[in-house]
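Per-entry structural report
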Amino acid sequence: MGLEQLIQKDMVEAMKAKDQGRLDVIRSIKSAILLGKTAEGAGELTDGDILKMIQKLIKQHQDTADQFMAAGRPEQADKEKGEISILEKYLPQQLSEADVEAKLKEIIASVGASGIKDMGKVMGTATKMLAGQADGKIISALVRKLLA
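Below you will find a few notes about this structure. (Residues numbered from 1 in each chain as written. Predicted model: local features only at pLDDT ≥ 70, side-chain atom pairs only at ≥ 80, totals over all residues. Heavy atoms only, no water.)

As a further point, take the side chain of Glu80. Note on placement: Glu80 falls in helix 4 (residues 74–88). No salt bridge is formed by the buried Glu80. Its closest oppositely charged neighbour is Lys79, at 5.0 Å. Reaching out from Glu80, the side chain makes a polar contact with the side chain of His61 at a distance of 2.5 Å. Apart from the residues within four sequence positions on either side, Glu80 is in contact with His61, Thr64, Ala65 and Phe68. (Helix = DSSP H or I, 4+ residues; strand = E, 2+ residues; numbered from the N terminus. Buried < 20%, exposed > 50% of the residue type's maximum accessible area, 1.4 Å probe, protein only. Lys, Arg positive; Asp, Glu negative; His and termini not counted. Salt bridge = Lys/Arg side-chain N within 4 Å of Asp/Glu carboxyl O. Polar contact = N/O pair within 3.5 Å; in protein donor to acceptor, adjacent residues only side chain to side chain. Contact = heavy atoms within 4.5 Å.)

Have a look at this one:
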């Protein structure tokens, strides 16, 4: 079952269970998918494309939660964090920092990177291989550390 079908199935389950909070989050994912499909020049979306959309939604909710906390509105921040936890169920298992570092060492060896000047080559390969499994900031920091 593809990711889009899983999201559709979960949306139906949320409707039947009358779980409005979960339903709203799933509908936001469906909306992003629909926008992606109807964008000019867009074809069928892959699971990777949908994962990127979900990661973008998570980042938006995290930014909003941070703003609510800074404004002294923890109840709104908690609501955003609850929505993040629903979105995270659709992401693959996140790798630990040690696992990411091990994979990055393999990538560095395979592309023949020798210094910080090769960071672009390593990052291009790493972001494709680790898509959805690790945060880009963590990947970037580890690549910088390993190449330095």
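Turning our attention to the nonpolar core. Judged by nonpolar contacts, the single largest core of 22 residues is most densely connected at Ile7, Ile29 and Ile54. Those elements that place two or more of their residues in this core are helix 1 (3–17), helix 2 (20–38), helix 3 (47–70) and helix 4. Those residues in contact with Ile29, other than ones at most four positions away along the chain, are Ile7, Ile54, Leu57, Leu87 and Tyr90. Grouped together as the second largest cluster of nonpolar side chains are 15 residues, Ile107, Met123, Leu142 and Leu147 included. (Core = buried A, V, L, I, M, F, W, Y, C linked by side-chain atoms within 4.5 Å.)

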